[in-house]
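# Descriptive structure summary
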Amino acid sequence: DKKQAVSYLSKFSTLTRTILEMSEKENITLSEEIKTLGLYLDIEKARFDEDFSYEINIGYGIDIENIKIPSMLLQPYVENALKHGLLHSKKEKKLWISFELKDDFLNISIEDNGIGIAKSKIINAQKGNQKPASFATSAQERRVEILNKIYRNSISLSIEEKKNPSGEVSGTLVKIKLKPLNH
C-alpha cells in the first residue's frame, strides 16, 4: 500500500531527525520524549501487525513542556520491552508508559505483558543473541550511574518480572524515579 508506505517513511524520517537532534542535547523536555516515543512505537506497531497496542499516560499536574529529563533515557527500555518481551509473546501485545509526579520526583513506569526476563534470556541464548542484550542493558546501567554522579543520585532504576496471581510471569516492569529538571 503506497499511502501507508509513505506514512511510515515520513514517520521514520521524522524519528531519525529527532533522535539526531536529541543526541546533541544533554536534557530534553518531557514533551519531546513523549513525542519521540510515540513516533518510535507507531513505526514498531507496523512490525507487529494488529496485535500490538500501547498507551502513554501522563499524570495530573505534570507540565510536560517545562519538565526536563536526560535525553534518550527511556527509549532503550521501551525497545527492550518490544524486542525481548513482546516480540516472542503469543498473546495480544501491550505496552504501558506512565508518568506521575510525586514528592517532587517524576516516577516513570514502562510495563509490558510479554514473556518476561528469564524466558527472553533463554530465547536469546538459543538464537546466539546473548551479548547484544546484555551489552545494551549494562551500557544503560552505566549511563544511569554517570547521570547519578552528575545529578547527585537523582535517578533510581528497577527492572522486575511481573507475576499474575497464580505466580506465572506476566511481563516486565521498569521503574525509573528521577528528580526532574525545570527550564
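Computed from a prediction, not measured in an experiment: that's the story for all the values here.

The full count for this structure, using the stated rule, is one aromatic pair. The side chain of Lys 179 reaches across the aromatic face of Phe 105, ending 5.1 Å from its centre.

Turning our attention to unusual backbone geometry. The backbone phi angle of Met 72 is positive, close to 55°, even though this residue is not glycine. Topologically, Met 72 is positioned in the loop between strand E3 (67-70) and helix H3 (75-86). A relative accessible area of 18% places Met 72 in the buried class. Positive phi, normally seen in glycine, also occurs at Asp 103, with a value near 50°. With a relative accessible area of 65%, Asp 103 lands in the exposed category.

Glancing now at the nonpolar core. Counting residues in hydrophobic clusters, the biggest one holds 34 residues, and the most contacted among them are Leu 74, Leu 95, Phe 99, Leu 106 and Ile 176. The set of elements that each furnish at least two residues to this core consists of helix H1 (2-23), helix H2 (30-47), E3, H3, strand E4 (93-102), strand E5 (105-112), helix H5 (130-150) and strand E7 (169-178). Examining the composition of this core, we find that six residues originate from one element, H2, more than from any other. Not counting residues within four places of it along the chain, the set of residues in contact with Leu 106 comprises Leu 30, Ile 62, Ile 67, Ile 69, Phe 99, Glu 100, Leu 101, Ile 176, Lys 177, Leu 178 and Pro 180.

Tracing the chain through its elements places Ile 34 in helix H2. Placed 86 residues apart in sequence, Ile 34 and Ser 120 show a C-alpha to C-alpha distance of 26 Å. Residues contacting Ile 34, with those up to four places away along its chain left out, are Ile 56, Ile 58, Ile 64 and Phe 99.

Let us now look at H3. Counted at 1.5 Å a residue, the expected span for H3 with its 12 residues is 16 Å, and the 15 Å between its end C-alpha atoms agrees. Those residues of H3 that sit buried are Gln 75, Tyr 77, Val 78, Ala 81, Leu 82, His 84, Gly 85 and Leu 86.

As paired strands, E4 and E5 are joined by eight bridges and run antiparallel to one another. The residue of E5 that forms the bridge with Leu 101 is Leu 106. The turn joining E4 and E5, which pair antiparallel and follow one another in sequence, is formed by two residues; a positive phi near 50° is taken by Asp 103.

Conventions used here
Residues numbered from 1 in each chain as written. Predicted model: local features only at pLDDT ≥ 70, side-chain atom pairs only at ≥ 80, totals over all residues. Heavy atoms only, no water. Phe/Tyr/Trp six-rings, centres within 6.5 Å; stacked < 30°, edge-to-face > 60°. Lys NZ or Arg CZ within 6 Å of the ring centre and 35° of its normal. Helix = DSSP H or I, 4+ residues; strand = E, 2+ residues; numbered from the N terminus. Buried < 20%, exposed > 50% of the residue type's maximum accessible area, 1.4 Å probe, protein only. Core = buried A, V, L, I, M, F, W, Y, C linked by side-chain atoms within 4.5 Å. Contact = heavy atoms within 4.5 Å. Expected span 1.5 Å × (residues − 1). Pairing = 2+ DSSP bridges.

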